[in-house]
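Coordinate inspection notes
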Amino acid sequence: MKDVGRHTYLARRKGTANWQFRARVPLDLVVHFGKREVTKSLGTADLAEAKRRVRDEADAFDKQCRAVRDRASSDDRDTVGSVSLTSLSEANIQQMALAWFEAVNTEGERRHEMAVPLDRDEALINLDQDESALNDQSDLGLDAAYQTAIRLLRAADVRLVRHQLNPIRAAGSRLPFLVAREDAASAQFRQLLALLRRGQLEDIQRSRARLMGDYQEVVFDPLFRPRAEPNGKTLAQVIAAFRAEPERAGRITKLQQTYASVFRLASEMFGADRSVREISRDECKAFRAIVQSLPPNATKRFPGKDLLDVAKLATPETDRLRPATANHYLDALATLFNYAEGEGWITQNPAKRLAIKGVKKRHRRDPFTSAELSKIFHAPLYTGCQDDEGGYAKPGPNQPRRGRFWIPLVGLYTGMRQGEIAQLRTEDVRLFQGVLCIFIVADGDDVDDADRKRVKTEAGERYVPVHPMLERIGFAQHVEQMRNTGAERLFPDIARGADGYFSPFSKWFSRFLADAGVMRDRNAFHSFRHTFRDAMREASVPPDVVTALGGWVRGGMEEHYGSGRITAPVLQEHMLRIRYDGLDMSHLAIG
């Protein structure tokens, strides 16, 4: 064993012959990791092989610690966007810069047609000064290029760091976003800044030509020579116009992540500079075949690699995109061409009806059985655990009541979706018409994307009376406690993932179900919603009330008559009748 001690991180797994990597978490990072020690099986009983593998694990752990410290030292920053900057290819970066320049050039031509400056000589002097600054090696004009780069990267859903500026600094800052330190040093970011600087110079030279009266579609830098066919738009131009539509700009959604992957693959396959009119039906069918060969999360798993090259890898069928996900990609491509057809840039959509046949849009989730509900709410998290982080499934003396405790309970007794519950604010629970209600509403455009509350459909905006069992368990007291601490969100410990949704909680809940012994292929958090609807059916709740409580869309003509709102007392009356026979919650009641 003396030989073993030569490597700090090597230890024998208890009860087995295998070795494991084991390391103490630095004190300043314990809160981030949620534990004081990390372990990982090395998958071997051979000591020499274990020593080789443990070095790699140690290096990875050290790198992870450095990354956490870097993020923590950046002024309370968080991230927006989901696409890694370093995963973008040179073609992606160039496409981004060219689309930006086309918009800049179009605006310049529009201004020139509207009026000529009163003092042309002064305007020319200003252009000369701007050009000198860009050509000066000590002043590359990168401040303006940097801000432009940030705007372009945000529009493309690239992952960026957001500074939480104090009010004084924020008042003077138009752009409280930046590129992470490691991304700022990347070849992709340097390429983007260089292309934007070239675009700024080209814009200055074309502006000067316009002022001199000899502007005849002059191109000074070959990079910015028009690439579209005389009678059509390039694929890059169509993508840029599609993304610039007001209803899509600035949104962080799963659909935009799908668009980003699809547009990247389409640009690789068809050519970003190719006229969109030239793209044929057969090429779109080939696109479908490529999509079916891709593994899930290809961009994250193969950073810096073209998706076409990823598709050529010998990926087993079991590790490829599910047919339903592949159809989402094909729908996104068809949507892009639908947009081009609507704008008159193509006469026919070549990507119509490419969906893989025989694929159900989504599997219906099963409701939880009475026995499963009993196992869930008698798990250590609800009867006594070590903590509600890594020790949630281990019996212990503690009974923490935070997000992980409350969200399943609220789901069971309201039928609310997971995301609807996790995003609740303390102000969303209040008395209404004499009844304590939970309000499910979406935020307006004045709220930052990373913090915005969303609802799935327009009918999803509603209010739901708090069930008596939730009151007995202490839900109202939890709301009041969070208000007293100054918390804005009802469950501030539940964080959003990089996709802007509460995916970390969703993954945890799957583990929770497995630990409770109730995990099946057809159950998930959404099963609470089906369970709640079954309970309403058992209680003979009228269809209008079912719709009002669950936020479902009925779709009949009756929805066009009357106010469509049922009063809170009436909803409460039916809520009182909803119960789950055989489920004992007495151990959770307070007082």
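Report follows, based on the coordinates. (Residues numbered from 1 in each chain as written. Predicted model: local features only at pLDDT ≥ 70, side-chain atom pairs only at ≥ 80, totals over all residues. Heavy atoms only, no water.)

A few points about the overall build of the protein
Assigned secondary structure in the protein consists of 24 helices and nine strands. Each of the 591 residues in the protein was classed as buried or not, and the buried ones make up 44%. By sequence separation, contacts in the protein at least 24 residues apart represent 69% of the contacts at least 6 residues apart. With the model as given, the accessible surface of the protein reaches about 31,500 Å², and the carbon-plus-sulfur share is 50%. (Helix = DSSP H or I, 4+ residues; strand = E, 2+ residues; numbered from the N terminus. Buried < 20%, exposed > 50% of the residue type's maximum accessible area, 1.4 Å probe, protein only. Contact = heavy atoms within 4.5 Å. Areas by Shrake-Rupley, 256 points an atom, 1.4 Å probe, with all protein chains shown as cover.)

Considerations on the packing of aromatic side chains
What the rule picks out here adds up to 33 aromatic pairs. A centroid spacing of 5.3 Å and a plane angle of 55° characterise the contact between Tyr9 and Phe21, whose relative ring orientation is tilted. Placement of Tyr9 in the segment before strand 1 (10–12) and of Phe21 in strand 2 (residues 19–24) is noted, with a sequence separation of twelve residues between them. A relative accessible area of 3% places Phe21 in the buried class. The ring of Trp19 has Arg12 sitting right over it, with the charged end atom 4.0 Å from the ring centre. Here Arg430 stacks its cationic end above the ring of Phe439, 3.9 Å away from the centre of that ring. (Phe/Tyr/Trp six-rings, centres within 6.5 Å; stacked < 30°, edge-to-face > 60°. Lys NZ or Arg CZ within 6 Å of the ring centre and 35° of its normal.)

Comments concerning the pattern of salt bridges
By the definition in use, this model includes 22 salt bridges. Across the pair Arg274 and Glu278 runs a salt bridge, and its minimum N-O distance is 3.1 Å. A relative accessible area of 40% places Glu278 in the partly exposed class. Notably, a salt bridge pairs Arg301 with Asp319, separated by 2.7 Å at the nearest N-O pair. (Salt bridge = Lys/Arg side-chain N within 4 Å of Asp/Glu carboxyl O.)

Points about the sheet that holds strand 7 (residues 429–432)
The strands that make up a sheet are held in pairs by hydrogen bonds between backbone atoms, and each pair lies either parallel or antiparallel. With respect to topology, three strands assemble into an open sheet ordered 7-8-9, the strand pairing being antiparallel. Here the strands that pair on one side only, and so sit at the sheet edges, are strand 7 and strand 9 (462–465). In this sheet, adjacent strand axes meet at a mean angle of 45° when their direction is disregarded. Of the strands in this sheet, strand 7 and strand 8 (435–440) are in contact with helix 20 (residues 475–484), which crosses strand 7 at around 115°. (Pairing = 2+ DSSP bridges. Axes fitted to C-alpha atoms, helices over the stretch in contact; angles between N-to-C directions.)

Thoughts on the nonpolar core
By size, the foremost hydrophobic cluster in this structure holds 68 residues, and its most contacted members are Leu409, Phe475 and Phe512. Looking at which element gives the most residues to this core, the answer is helix 17 (residues 403–414), with seven residues. Excluding anything up to four places from it in sequence, Phe512 contacts Ile376, Ala379, Leu381, Tyr382 and Tyr392. (Core = buried A, V, L, I, M, F, W, Y, C linked by side-chain atoms within 4.5 Å.)

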